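What the coordinates show
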Amino acid sequence: YVSWKFVDGKPGSGTVNKINVTFWESQNQNYGVEWVYDSGCNCYKRFNGGKEHMDLNVNRQIAPSVVIVRFQKESRANDGYENNAHLIYGNKGTGRAIVFQNGQAIEGTWSKTNRLAREKFLDKNGKEIELVKGQIWLETVPDGSPVTY
């Protein structure tokens, strides 16, 4: 097992305060996700369908230190489900990624060589991104989905 690389957070060192992730917008507006950066906790508060996304186990809004958006190939599962509605995402190989932490956006790529390998997140120079210590949220969206910040 090889761990991700971690670093202490630097609250408020960036200017990215809102992240909008579009997912299946044509199907249902309630799938839209907004992350709002809070420098007080150096975290990103999650909103889903315009409402606070709550962790019902602890009755608290979901608020990780790091949000990683991965763009992955989407395809139909062809599993016999009505209207072939189930989807699968290609999680091996490489693709575009954006890592949000400390109020900053780091554009780069994700990479995973096989099912058992650890996924890596690399910056534009190919260097592995050190992730802020704390909870991490991995968000998968289909290739080409709009993400604004």
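Up top is the structure.
The structure contained in this document is the topic of the report that follows. (Residues numbered from 1 in each chain as written. Predicted model: local features only at pLDDT ≥ 70, side-chain atom pairs only at ≥ 80, totals over all residues. Heavy atoms only, no water.)

1. Thoughts on the sheet that holds strand β2 (residues 18–21)
Adjacent strands of a sheet pair through backbone hydrogen bonds, lying either parallel or antiparallel. Rules: Paired strands, in this sense, are two strands between which DSSP finds at least two bridges. Numbered from the N terminus, helices here are DSSP runs of H or I no shorter than four residues, and strands are runs of E no shorter than two.
An order of β5-β4-β3-β2-β16 is seen for the five strands of this open sheet, with the pairing classed as antiparallel. Each having just a single partner strand, β5 (51–52) and β16 (147–148) make up the two edges of the open sheet. Both strand β4 (residues 43–48) and β5 contribute to a ladder of two bridges, which runs antiparallel. By the bridge assignment, N48 is partnered in β5 with K51.

2. Regarding the state of the cysteines
Rule in force here: Pairs of cysteine sulfur atoms within 2.5 Å are identified as disulfides in what follows. Relative accessibility under 20% of the residue-type maximum defines a buried residue, over 50% an exposed one, and the middle range a partly exposed one, all with a 1.4 Å probe and only protein chains included.
All told, the structure shown has one disulfide when counted by the stated rule. Note that C41 is cross-linked by a disulfide to C43, the S-S spacing being 1.8 Å. The chirality of the disulfide connecting C41 with C43 is left-handed, given an S-S dihedral of about -50°. By relative accessible area, which is 39% here, C41 ends up partly exposed. Residue C43 is classed as buried on the basis of its relative accessible area of 4%.

3. So, the pairing of strand β3 (residues 33–38)
Alternating positions in β3 separate cleanly, V33, W35 and Y37 being buried on one face and E34, V36 and D38 remaining unburied on the opposite face. Sheet topology places β2 next to β3; four bridges connect them, and they run antiparallel. Pairing of K18 across the sheet is with V36, part of β3. Sheet topology places β3 next to β4; six bridges connect them, and they run antiparallel. Each residue of the ladder has a partner; that of V36, found in β4, is K45. Linkage of β3 to β4, two consecutive antiparallel strands, is achieved through a turn of four residues, within which N42 is found at a positive phi near 50°.

4. A few points about the packing of aromatic side chains
Definition in use: Centres within 6.5 Å are what make two rings of Phe, Tyr or Trp a pair, Trp counting through its six-membered ring; a difference in plane orientation under 30 degrees is then read as stacked, over 60 as edge-to-face, and the rest as tilted.
Scanning all chains against the criterion turns up four aromatic pairs. For the ring pair W35 and W137, a centre distance of 5.6 Å and an interplane angle of 65° mean the geometry is edge-to-face. Highlighted residues: W35 in strand β3 and W137 in strand β15 (residues 136–142), separated in sequence by 102 residues. When the centroid spacing of 5.1 Å and the interplanar angle of 80° are considered together, the rings of F100 and Y149 count as edge-to-face. Residue F100 is found in strand β11 (residues 93–101), and its partner Y149 is found in the segment after β16; the two are separated by 49 residues along the sequence. Owing to a relative accessible area of 0%, F100 belongs among the buried residues under this scheme. Residue Y149 is classed as partly exposed on the basis of its relative accessible area of 40%.

5. Re the side chain of Q72
The condition that has to hold: Throughout, a contact is declared for two residues whenever any of their heavy atoms are within 4.5 Å.
Residue placement: Q72 occurs in strand β8 (residues 66–72). Its relative accessible area of 3% is what places Q72 among the buried residues. When sequence neighbours within four positions are dropped, the list of residues in contact with Q72 reads Y89, G90, N91, W110, E119, T140, V141, P142 and D143.

6. Here's the deal with the side chain of S65
Along the chain, S65 turns up in the loop between β7 (60–61) and β8. In contact with S65, other than residues within four places in its own chain, are N42, C43, Y44, F100, Q101, V132, K133, G134 and Q135.

7. Some details on the environment of N59
Residue position: N59 is located in the loop between β6 (54–55) and β7. Between the alpha carbons of N59 and Y31 there is a distance of 21 Å; along the sequence they are 28 residues apart.

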